[in-house]
Amino acid sequence: MAKFLSRDINLMEFQISHSNKQKLKPFYDDPDSMLPDVEAYASWLLKHPSALNSFDCIMKEAKGKKVVVFLDYDGTLSPIVEDPDKAFMSTEMRAALREVAKQFPTSIISGRSRDKVKEFVQLNNVCYAGSHGLDIMQPPKSRDKKVSLTGNEGAFQPAKLFLPAIQEISMELEHKIRETQGSKIEDNMFCISVHYRKVPPQDQGNLKEKVKSVVENRPEFRLTEGKMVIEVRPSIEWNKGDALNYLLHTLGFSNADDVLSLYIGDDQTDEDAFKVIAGKREGFPIVVSSIPKETKAWYSLRDPSEVLAFLLRLAKWNKSQASFLQLDYI
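Procedures and definitions
- Residues numbered from 1 in each chain as written.
- Predicted model: local features only at pLDDT ≥ 70, side-chain atom pairs only at ≥ 80, totals over all residues.
- Heavy atoms only, no water.
- Helix = DSSP H or I, 4+ residues; strand = E, 2+ residues; numbered from the N terminus.
- pLDDT = per-residue confidence, 0-100.
- Contact = heavy atoms within 4.5 Å.
- Core = buried A, V, L, I, M, F, W, Y, C linked by side-chain atoms within 4.5 Å.
- Buried < 20%, exposed > 50% of the residue type's maximum accessible area, 1.4 Å probe, protein only.
- Domains from an automatic or database assignment.
- Pairing = 2+ DSSP bridges.
- Phe/Tyr/Trp six-rings, centres within 6.5 Å; stacked < 30°, edge-to-face > 60°.
- Axes fitted to C-alpha atoms, helices over the stretch in contact; angles between N-to-C directions.
- Parallel < 35°, antiparallel > 145°, perpendicular 65-115°, else oblique.
- Nonpolar A, V, L, I, M, F, W, Y, C, P; charged D, E, K, R; others polar.
- Arc of directions from axis to C-beta.

Visitor: Let's hear about the environment of G64: which residues, and what values?
Guide: Examined against the element boundaries, G64 turns out to sit in the loop between helix 3 (55-60) and strand 1 (66-71). When the C-alpha positions of G64 and L260 are compared, they lie 9.7 Å apart, and in sequence the two are 196 residues distant.

Visitor: Got a sec to walk through the confidence of the model for the protein? Specific residues and values, please.
Guide: Note that predicted coordinates carrying low pLDDT should not be read in detail. With 82% of its residues at a pLDDT of 70 or more, the protein has an overall mean of 84. Element-level mean pLDDT values for the protein span from 40 in helix 1 (residues 2-11) up to 98 in strand 12 (residues 299-301). A low-confidence stretch, residues 1-31 (pLDDT under 50), is modelled with 71 contacts involving residues beyond four sequence positions or located in other chains. Scored below 50 in pLDDT, residues 143-151 makes 19 contacts in the model with residues more than four places away or belonging to other chains.

Visitor: Tell me about the nonpolar core, and please be specific about residues and values.
Guide: Ranked by internal contacts, the top residues of the largest apolar core, which has 49 residues, are I136 and L173. Built from parts of two domains, this core gets at least three residues from each of domain 1 (38-139 + 238-323) and domain 2 (160-234). Excluding residues that lie within four positions of it along the chain, I136 makes contacts with R114, C127, Y128, A129, G154, A155, F156, W238, A243, Y246 and L247. Residues L77, V100, L262 and A315 belong to the second largest nonpolar core, which totals 43 residues.

Visitor: Explain the pairing of strand 9 (residues 229-234) to me, using residue names and the numbers behind them.
Guide: Of all six residues in strand 9, six are buried, a share of seventy percent or more. Taking every second residue as pointing to the same face, both faces of strand 9 are buried, with V229, E231 and R233 on one and I230, V232 and P234 on the other. With four bridges joining them, strand 7 (residues 192-195) and strand 9 adopt antiparallel strand pairing. What sits directly across from V194, in strand 9, is I230. Pairing of strand 8 (residues 221-226) with strand 9, which is carried by six bridges, proceeds in the antiparallel orientation.

Visitor: Go over the packing of aromatic side chains with me, naming the residues and quoting the values.
Guide: Two measures describe an aromatic ring pair: the distance that separates the ring centres and the angle between the ring planes. Scanning all chains against the criterion turns up 12 aromatic pairs. Centroid distance F284 to W298: 6.1 Å. Interplanar angle 80°. Geometry classified as edge-to-face. Here the residue F284 occupies a position in strand 11 (residues 283-288), and W298 occupies one in the loop between strand 11 and strand 12, the gap between them amounting to 14 residues. According to the relative accessible area criterion, F284 is buried, its value standing at 10%. Through successive ring pairs, a cluster of aromatic residues spans F70, Y263 and F274.

Visitor: Describe the packing of helix 8 (residues 240-250) against helix 9 (residues 271-280), and please don't skip the residues or the numbers.
Guide: Contact geometry of helix 8 with helix 9 gives a least axis separation of 6 Å together with a crossing angle of 55°. Judged on the interaxial angle alone, helix 9 and helix 8 are oblique. Between helix 8 and helix 9, the residues in contact are K240, G241, L244, N245 and L248 and D272, A273, V276, I277 and K280, respectively. Taken together, the residues that form the contact of helix 8 with helix 9 break down as five nonpolar, two polar and three charged.

Visitor: Summarise helix 5 (residues 114-121); cite the residues concerned and give the values.
Guide: Among all positions in helix 5, only R114, K116, V117, F120 and V121 are buried. Seen along its axis, helix 5 keeps its buried residues to an arc of 165°; they face one direction. Those residues of helix 5 hidden inside the fold are in contact with helix 4 (91-103), strand 2 (106-109), strand 3 (127-130), strand 4 (135-137), strand 5 (155-156) and strand 6 (184-187). Directly beyond the C-terminal end of helix 5, a positive phi value near 65° is found at Q122.

Visitor: Can you lay out the sheet that holds strand 8 for me, pointing to particular residues and giving the numbers?
Guide: Whether parallel or antiparallel, the strands of a sheet pair through hydrogen bonds between backbone atoms. Sheet architecture is open: four strands sit in the order 6-7-9-8, paired in antiparallel fashion. The sheet is open, and its two borders are formed by strand 6 and strand 8, each paired with just one other strand. Between one strand and the next, the sheet's axes are offset by a mean angle of 20°, whatever the strand orientation. Relative to strand 7, strand 6 runs antiparallel, the two sharing four bridges. The residue bridging K184 from the neighbouring strand is H195, located in strand 7. Taken strand by strand, helix 6 (residues 163-177) contacts strand 6, strand 7, strand 8 and strand 9, and its axis lies near 15° from that of strand 7.

Here it is, written out as structure tokens:
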């Protein structure tokens, strides 16, 4: 724990290193959203079995342990859609998430800004971490423990010193790509997302070069790519895996041996969290994908509809465990 706290303190000195009433149609214009080769996917499932089909096996390991739930947002709790501003989660998903969060500490770690993902989810019993974990609101039960190292009304922001430069880059990008048809810049506070899902294929390479030109002389920033998006992020050693560790720490679980973490996500940035859980062997990393892909996750779910089914089973499982314990006590 002391080592973890020391790392947090050093990071602060680091310079470089809604209810969806409308039916939204998932957008199938990137490789991760296309229909898979059935044979290849079946083979891939042998290495990354369905978390639904393996639910009883997974939860067998959870008996007698404190379950902690972590989730990505886009592509996990909501479908990938053409317009990122319309990535609404369904009312059914919200209800399931609310029920899970009543029973287990639950956090959403998204590349979106923290305010944006909270606006989408609309739940107060969930902890929100935005900008790929660079902006974390502490879980409600931890705010009285005085573990925040940054103040700012309970938010932990290890890249706060980069904000002025991020705003400058955002304005420069607006100027650079404003004539690129279909491009869209999303300000996610501690990272800038340039979406090119609507950009004609012949113009996408040129758009990426324009974004690279803005960052190439700024070594304190780096570029990462996701599903039809290129992002500008501070070059600090902090990712979703670090965010997961930080949240476990604030919840008082960092040194506990009776904790089981479930992390469900679909994006490349979620692999850092998968790596942390796989390394500790104290939980289950679950990837959301309808195609075979390289991943550190042990289990898989095909799409958000299967995530919904998993969350519903998780909530039902916990209630059945509580009922069993009451009967056993009587």
